[in-house]
Amino acid sequence: MSNLIAPSKSLGYSNIFLDFLADASPARHFYPSESIVDVAAGLDAVEYRREEICRILTAQNRLYGASQQTLDNIERLKRRSSVCLFAGQQAGLFGGPLLVVYKALALVKAARLYETELNRPVIPVFWIAGDDHDFDEVNHMWVIDRASELTRVSYDARPSIELPTSEIEFSDSTELEKAKEHLRNALGQTDFTNDLYGLIDEAYTENDTFVTAFGKLMASLTSDLGLVFFSPGDAEAKQLAVDLFISMIDNEEDLQHRLDSTNDEIKSHGYHLQVEKSAEASHLFYNLDGRKPVVRHGDKYLVGEKSLSRAELIDCIRNCPERFSPDVMVRPVLQSFLFPVISQKGGAAEIAYLAQIGRIFELFGRVTPYYRARPSLTIVERRFEKLMAEFDIGFEEVAGDIEQVVNRVLSKSFPDDIERQFNEFREHLRERFGQLNSTSLKFDPGLKKLAEQTMGKIDFAVKGFEGKVFSSHKKKSQETRDRIYRLWHALYPNRNFQERSLNITYFLSRYGRGFVNFLYEKMDSEQKAHQLVNLSEYGE
């Protein structure tokens, strides 16, 4: 079984992402920065408010229970030569999907690699998307339960209005305990679950938001690595972003023209648009009785039913910046506005939409980062390694039509023509017994009845044996079918990559926190192919 799976359309990757991985034209044209060396040179010419952002980082990471290594990395960011490597994700329940952990580990590993290459400090920073308000995206996670079934665990206390996740608290203690109890029932009790459940109880409390709880959990899991976490929902951070928000309004026509022209060019090359926005979008949200988009309407701006003039909107930004946040198109610009971002790691969807915004950074006096794809992994437990080897099942088959896999395996384990062979055997037996009868009854015709009874008993015995064979096959087939479906649920849950559904708690409950260190060692942070990580190597 190969440990590297080449990216392809069959795995759900888009054309622009595949061309990006291959560094092929025309996709390469939409990512302006050529290398981290070029970006580093450009960052040296830009001033950043390092002391202020480091003060914010220190306060946030101490709240999350950061290690000394993390605090030391924040201190290093104050140096003018230091740069940042970013990745980010929404603050999903109990850590969200596995890809969150992969991004976090890849950041640290890649930062150390880039630091050697550039001979300057490279600080790994994980952007917790605390401005996002999609509750349905963050309120649940998936694990494989004790019956090997895929199980959804959720916190269902929806806020009455759409709030940023940095403001959504786990205030419904009943629902929070229900989610924790569901997780405990699903995973059961192992040598490692007391530590796991204690960690979750400590991070997820009634006093925590989705962001603070997520930060506490992730800071604990990565405590040895020095990873820095940042949430843009911080009021002080928004104060630092005032000039950017106002500049977005002042330069809205140029901003929209750059986005539109890039989108037209992307479509002209046959690529899809990952994100589509209305031409009236200001690319800002205003948290006014819920997070709402600011929409341009003639010479006015609409926020829900409220109408604002340009001057009124700018006054609101200056006086209450904590209420504003950028949309997905400008969020990376905010990142580069606050931090000296040398590179960002993203998944297929992120890389696709980053192609749409590469030309707007210079509008705000910032350098476009050098983008790299995040590593993509599937964890293969020992029992599934053995099953794949036993039946020669490749990962691409698991990601395809699983019934075809079942049919292929079963066809090899049981002859297709077994029923025909039994029928032919019975016909041949009757024919030979008839020949024997015709000879034997010449000696004593009175044995005819006994001969018929004997043939009946023989035929009954053969049919009984045939029934036993088919019953045994049916049972064995069902067992094989169940094993293959368990493989499918584990490696390709919800008809998608494991990393996009399964939560880290499943593996922590079975293998303990050492599993995180194992992943860090095995992961290739720069690998473009999909990596299969075999747990038969764990503990070696």
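Each remark here, short or long, concerns the structure printed above.
Residues numbered from 1 in each chain as written. Predicted model: local features only at pLDDT ≥ 70, side-chain atom pairs only at ≥ 80, totals over all residues. Heavy atoms only, no water.

**Description of the packing of aromatic side chains**
Then, in step 1: Within this structure, the stated rule accounts for 27 aromatic pairs.
Then, in step 2: Ring plane angle 10° and centroid distance 5.0 Å describe the contact between Phe 507 and Phe 515, whose orientation is recorded as stacked. Residues Phe 507 and Phe 515 agree in their burial class; the two are buried.
Then, in step 3: Here the aromatic cluster, defined as three or more aromatic residues joined through ring pairs, consists of Tyr 13, Phe 17, Phe 20, Tyr 31, Tyr 371, Phe 395, Tyr 492 and Phe 497.
Then, in step 4: Against the face of Tyr 520 rests Lys 109, its NZ or CZ located 5.2 Å from the ring centre. (Phe/Tyr/Trp six-rings, centres within 6.5 Å; stacked < 30°, edge-to-face > 60°. Buried < 20%, exposed > 50% of the residue type's maximum accessible area, 1.4 Å probe, protein only. Lys NZ or Arg CZ within 6 Å of the ring centre and 35° of its normal.)

**Re the environment of Ser 309**
Then, in step 1: Its place among the elements puts Ser 309 in strand 10 (residues 306-309).
Then, in step 2: The spacing of Ser 309 and His 297 is twelve residues in sequence and 9.9 Å in space, taken between C-alpha atoms.
Then, in step 3: In contact with Ser 309, not counting residues within four places along its chain, are Lys 300 and Tyr 301. (Helix = DSSP H or I, 4+ residues; strand = E, 2+ residues; numbered from the N terminus. Contact = heavy atoms within 4.5 Å.)

**A closer look at the packing of helix 3 (residues 50-63) against helix 4 (residues 68-76)**
Then, in step 1: The contact between helix 3 and helix 4 brings their axes to 9 Å, and the two run at 170°. Regarding the angle of helix 3 to helix 4, the classification is roughly antiparallel. Side by side, helix 3 and helix 4 meet where Cys 54, Leu 57, Thr 58, Asn 61 and Arg 62 of the first sit next to Thr 70, Leu 71 and Ile 74 of the second.
Then, in step 2: Considered class by class, the residues forming the contact of helix 3 with helix 4 number four nonpolar, three polar and one charged. (Axes fitted to C-alpha atoms, helices over the stretch in contact; angles between N-to-C directions. Parallel < 35°, antiparallel > 145°, perpendicular 65-115°, else oblique. Nonpolar A, V, L, I, M, F, W, Y, C, P; charged D, E, K, R; others polar.)

**Overview of the pairing of strand 15 (residues 530-534)**
Regular strands have side chains that alternate between both faces of the sheet.
Then, in step 1: Where burial is concerned, most of strand 15 is hidden: five out of the five residues are buried.
Then, in step 2: Residues His 530, Leu 532 and Asn 534 of strand 15 are buried on one face, and the alternating residues Gln 531 and Val 533, pointing to the opposite face, are buried as well.
Then, in step 3: Two elements, strand 1 (residues 4-5) and strand 15, share two bridges in a ladder whose sense is antiparallel. Residue pairing in the sheet places Ile 5 in a bridge with His 530 of strand 15. (Pairing = 2+ DSSP bridges.)

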